[in-house]
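Take a look at the letters that make up each chain.
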Amino acid sequence: MKSIAIAEILSNNKLSDGIFEMIIAVDSIAKEAKAGQFVNVYTGLGENILPRPISISEIDKENGTLTLIYQVVGVGTKCFSDCTAGQEIKVLGPLGNGFIVPEEEASHVVVGGGIGAPPLIELVKALKGEVNVFLGARSKPILIEKFEALGARVHVATDDGSVGFKGNVVELMNKMQPKADFIYSCGPKIMLNFLSQWAKSRGISAQVSMEERMACGIGACVGCAIKIKKEGDSDWQNLKVCKDGPVFMSNEVVWDE
Ligand SMILES: Cc1cc2nc3c(=O)[nH]c(=O)nc-3n(C[C@H](O)[C@H](O)[C@H](O)COP(=O)(O)OP(=O)(O)OC[C@H]3O[C@@H](n4cnc5c(N)ncnc54)[C@H](O)[C@@H]3O)c2cc1C
Ligand code: FES
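If you're wondering where the values come from, they're calculated on a predicted model, not measured in any experiment. (Residues numbered from 1 in each chain as written. Chains lettered and ligands numbered in written order. Predicted model: local features only at pLDDT ≥ 70, side-chain atom pairs only at ≥ 80, totals over all residues.)

(A) Representation of the overall build of the protein within the structure. Counting its secondary structure elements, the protein contains 6 helices and 16 strands. A compact globule built from 257 residues should have a C-alpha radius of gyration of about 18 Å, and the protein, at 18 Å, falls within 12% of that. For the C-alpha atoms alone, the extent of the protein along its principal axes is close to 50 × 45 × 35 Å. Here the protein holds 257 residues, and the buried ones make up 44% of them. Considering only residue pairs separated by 6 or more positions, the protein has 59% of its internal contacts joining residues 24 or more positions apart. (Helix = DSSP H or I, 4+ residues; strand = E, 2+ residues; numbered from the N terminus. Rg over C-alpha atoms; globule rule 2.2 N^0.38 Å. Buried ≥ 20, exposed ≤ 12 C-beta atoms within 10 Å, placed from the backbone. Contact = placed C-beta atoms within 7 Å.)

This is the structure in structure tokens:
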């Protein structure tokens, strides 16, 4: 069950240009959280400023901590980057539904684009069997070493060719043809769309974590609705990314907009 809590910031370190890793102590949320869910983080800039949705990257249930990895893009994330260890921050969560993790051993393909990679770390920890992680970015992707340390095989695609394959992750997957019983992904919508077609053409089940601009983050404002057509339904319906997602089956997302 979600709750609102005051978390203590244990650390807030720069990982690379404009990207930070914040570890917070927030037992009530950590004990409920699962891979693919997110939290709404309040900025401290005033009660009228909306909280910012940030994915849960890692969960330590024993110590009651969450790891958040975020990119500074505007006032809210800039405010987070100015925080220091020992400060307190208001957090609401866990929010959303998270990834469905199969019980059995299988061949898993996990695909992260840019700042979409963080929630896939906790997912990779939970998967049993062979895990191939594909990371795409304009230049060197973040978190390569973290995924490798978890025992995953990591394959990198960059737009500028500075690391790994020059091109996008789906082109790299076309080249490598990885064995996949299940696919999971988080990243830019265009990448998720191409990946969805890749999975569909091979009859593979894929889960995609969708991102939409959010206001309330708890299903009250309908600001984050996307079109979903469930199997057997005659038409699409509007579902909320914050409450019904952010993870959806890729073959249920209506991509044509
Ligand atoms: C489910 C979910 C998980 C996310 N996880 C992460 C993550 O792990 N790491 C990370 O760096 N970013 C993540 N984002 C994107 C992050 O929420 C935005 O970058 C952030 O809200 C921008 O806030 P800002 O004040 O810095 O920017 P501003 O542009 O000043 O934000 C203005 C307003 O727009 C909203 N907004 C802006 N961009 C987005 C966006 N892309 N998605 C949703 N709302 C947005 C903000 O919440 C705020 O209300 C996630 C978004 C969603 C929806
Ligand atoms: S952000 Fe308000 S319903 Fe999703």
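After that view, the rundown keeps rolling.
(B) View of helix 5 (residues 169-176). Those residues of helix 5 not exposed but buried are V169, V170, L172 and M173. Looking straight down helix 5, one finds its buried side chains confined to an arc of 155°; they lie on one side. Exposed and facing more than 90 degrees away from the buried side of helix 5 are N174 and K175. Here the buried face of helix 5 lies against strand 8 (106-113), strand 9 (129-137), strand 10 (153-158), strand 11 (165-166) and helix 6 (189-201). Q177 occupies a position one or two residues after helix 5 and carries a positive phi of about 45°. (Arc of directions from axis to C-beta.)

(C) Up close: the sheet that holds strand 1 (residues 3-16). The 7 strands are arranged 4-3-7-1-2-6-5 in an open sheet whose pairing can be described as antiparallel. Of all the strands in the sheet, just strand 4 (52-55) and strand 5 (58-60) have a single pairing partner and so form its edges. Looking at each pair of strands side by side, their axes are set apart by 35° on average, direction ignored. Pairing geometry for strand 1 and strand 7 (residues 88-95), over 6 bridges, is antiparallel. Bridge pairing in strand 7 places A5 opposite V91. (Pairing = 2+ DSSP bridges. Axes fitted to C-alpha atoms, helices over the stretch in contact; angles between N-to-C directions.)

(D) Up close: the sheet that holds strand 10. The strand order 11-10-9-8-12-13-16 describes an open sheet built from 7 strands, whose pairing is mixed. Edge positions in the open sheet fall to strand 11 and strand 16 (247-249), since each of these has one partner strand only. Relative to strand 12 (residues 182-186), strand 8 is paired through 5 bridges, and the arrangement is parallel. When the sheet's bridge partners are listed, H108 is paired in strand 12 with F182. Where helix 5 meets the sheet, its contacts fall on strand 8, strand 9, strand 10 and strand 11, and the angle it forms with strand 10 comes to roughly 125°.

(E) Main features of the nonpolar core. Core analysis: the biggest nonpolar cluster contains 71 residues, and I24, V39, L66, F134, I183 and L195 have the highest contact counts within it. Mapping this core onto the domain boundaries places at least three of its residues in each of domain 1 (3-95) and domain 2 (106-252). Leaving out residues up to four positions away in the same chain, V39 has contacts with I29, I54, I56, L66, V91, L92, G93, P94 and L95. (Core = buried A, V, L, I, M, F, W, Y, C linked by C-beta atoms within 7 Å. Domains from an automatic or database assignment.)

(F) Spotlight on the domain arrangement of the protein. Domain assignment breaks the protein into domain 1 (3-95) and domain 2 (106-252). Contact residues are listed per partner, giving 18 residues for domain 1 and 16 residues for domain 2. Looking at the side of domain 1 that touches domain 2, the elements with two or more residues in it are strand 1, strand 3 (38-41), strand 4, strand 5 and strand 6 (65-71). Within the side of domain 1 that touches domain 2, the residues separate by chemical class into 11 nonpolar, 6 polar and 1 charged. (Nonpolar A, V, L, I, M, F, W, Y, C, P; charged D, E, K, R; others polar.)

(G) Spatial organisation of the site of ligand 1. Taken together, the neighbourhood of ligand 1 is formed by 21 residues, with S55, Y70, G74, G76 and T77 sitting nearest. Sorting the residues of the shell around ligand 1 by element identifies strand 4, strand 6 and helix 2 (75-81) as the ones contributing at least two each. If one sorts the elements of the shell around ligand 1 by residue count, strand 4 sits on top with 4 residues. Residue composition of the shell around ligand 1, grouped by class: 12 nonpolar, 5 polar and 4 charged. Split by domain, the shell around ligand 1 shows at least three residues from each of two domains, domain 1 (3-95) and domain 2 (106-252). (Near = placed C-beta within 6 Å.)

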